[in-house]
Amino acid sequence: MRDPRPPHRLHNESESPSMPTAPTARRPADPLDLLHLYRRVRADTAGLAAPLSDADATVQSMPDASPAKWHLAHTTWFFETMVAVPNRPRYRLFDDRYGFLFNSYYETVGARQPRPLRGMLTRPTLEEVAAYRRHVDSAVETLLESGPSAEVLDLIELGCHHEQQHQELLLTDILHLFAQNPLRPAYDPSEPAGAARNTPVEAARFHMFDGGIVEIGHGGNGFAFDCEGPRHRTLVDPYALADRLVTNGEWIAFIQDGGYRNPLLWLSEGWATVQAEGWWAPLYWEERDGEYWTMTLRGMQPVDRAAPVVHVSYFEADAFAHWAGARLPGEAEWEHAATAPNRGLRQLSGDAWQWTRSAFAPYPRFAPGPGAVGEYNGKFMCGQFVLRGGSCVTPAGHARPSYRNFFPPSARWQFSGLRLAKDA
Ligand SMILES: [Fe+2]
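Predicted model, so just to flag it, every value in this text is computed and none were measured.

Considering the domain arrangement of the chain
In many reports, interface size means the accessible area that the parts give up when they come together. The domain architecture assigned to the chain consists of domain 1 (31–179) and domain 2 (206–423). Each of domain 1 and domain 2 has a C-alpha centre, and the two are 28 Å apart. Taken residue by residue, the interface counts 27 residues in domain 1 and 26 residues in domain 2. Both faces combined, the contact of domain 1 with domain 2 buries some 2400 Å², and carbon together with sulfur accounts for 67% of it. A per-residue breakdown of the area domain 1 buries against domain 2 is headed by Tyr105, Glu168 and Leu175, which together make up 28% of the total. Remark: the boundary between domain 1 and domain 2 carries 13 residue pairs in polar contact (both at pLDDT 80 or more). Going through the elements one at a time, helix H3 (68–87) and helix H6 (150–179) are the ones with two or more residues in the side of domain 1 that touches domain 2. Top contributing element to the side of domain 1 that touches domain 2 by residue count: H6, with 17 residues.

So this is what it looks like as structure tokens:
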């Protein structure tokens, strides 16, 4: 992929989303619950990296993707820098050079290894990074057991959700790396294949929504990233939303109908990208003896026509919707529908991130928090589009209906697909 686009989020480290609205008015997490969450999240990350060799975990396949070792260390740096250093007076840095290596994009914190050169970090070794994780874990756990303030609890909770964002990135980045290897290695051969491959899929049904003045955005006491609020009112015209995601079978019809060769379907920038990159199908697709195959975390697999299409950019999603006589949903339409009970919408979360046609922009009255934490999301509100839902590699329980993932319109290495919308 091309894409020397500026590092998006910390996350972008390609992460997606967000830091908390600085001083929060909500109730802080219970320290014991948070200790359990912390331990689980940290163990989950280590588990995801367990199948990887030091070499697997070191190489960087493109500037947008980061090495697994970097994800392991950066999430630890986050806890060390934001939690341990400011709140434990006698905390000893594990290595005072790591701040430069593993700061992602925090100008407030200081200079850093250039993002495209993260793959040069053959040292520290994977083993040394594991020791770094244990060192910081000990400090954070001690802090959690010492009756920390609400502000510290908020930061630790944020660090856990931040690390979950990196868990997804670790997998999307490993998939991209392994897809560059002619051996097409499987990250996890035991990953279950899609249950009913190529089973016929019923035509999508469009559900009507009246719209009106609706409320969207995060409310209540649970955790959310800052960009998910404030909750606010917005005007939505009557619309219809498909009850399921667009499938690979439908995408094949788009390909075979010349979708990638018809400039009339494409945004100007999208068509330029198709030409420049030679796009003819979703990322990772190959044609072998008249069959479509795709790279997955299980290695190369035949494309399942019944499964939701993934690894398509905003440009492709928009062109497909145009071809299908529909459009992409706005994020307010998506959220309003997702929170309406009993409307029969399927695949809202857990299959693919769903492109919306909404630019990633601040909600009314949004203000980034002070200091480093304020750099989490707000400064990326330019030139990116919102995705809703959650994918098959999003950690369980991480996303919610108000969750705003975001990527530039040409990005396709995430598990990104689409749901069609229409004007009513
Ligand atoms: Fe990050």
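Some points on the packing of helix H1 (residues 31–49) against helix H5 (residues 126–144)
At a minimum axis distance of 10 Å, the contact between H1 and H5 shows a crossing angle of 170°. It follows from the interaxial angle that H1 and H5 lie roughly antiparallel. The residues of H5 that touch H1, namely those facing Pro31, Leu34, Leu35, Tyr38, Arg39, Arg42, Thr45 and Ala46, are Arg133, Val136, Asp137, Val140, Glu141 and Leu144.

Things to note about the sheet that holds strand E6 (residues 291–296)
Pairing is antiparallel in the open sheet, where three strands are placed in the order E5-E6-E7. Strands with a single pairing partner mark the edges of an open sheet, and in this sheet they are strand E5 (285–288) and strand E7 (299–302). Neighbouring strand axes in the sheet, compared pairwise and without regard to direction, differ in orientation by 35° on average. The sheet contact formed by E6 and E7 spans four bridges and is antiparallel.

How each quantity is defined
Residues numbered from 1 in each chain as written. Predicted model: local features only at pLDDT ≥ 70, side-chain atom pairs only at ≥ 80, totals over all residues. Heavy atoms only, no water. Domains from an automatic or database assignment. Contact = heavy atoms within 4.5 Å. Buried area = accessible area lost by both parts, 1.4 Å probe. Polar contact = N/O pair within 3.5 Å; in protein donor to acceptor, adjacent residues only side chain to side chain. Helix = DSSP H or I, 4+ residues; strand = E, 2+ residues; numbered from the N terminus. Axes fitted to C-alpha atoms, helices over the stretch in contact; angles between N-to-C directions. Parallel < 35°, antiparallel > 145°, perpendicular 65-115°, else oblique. Pairing = 2+ DSSP bridges.

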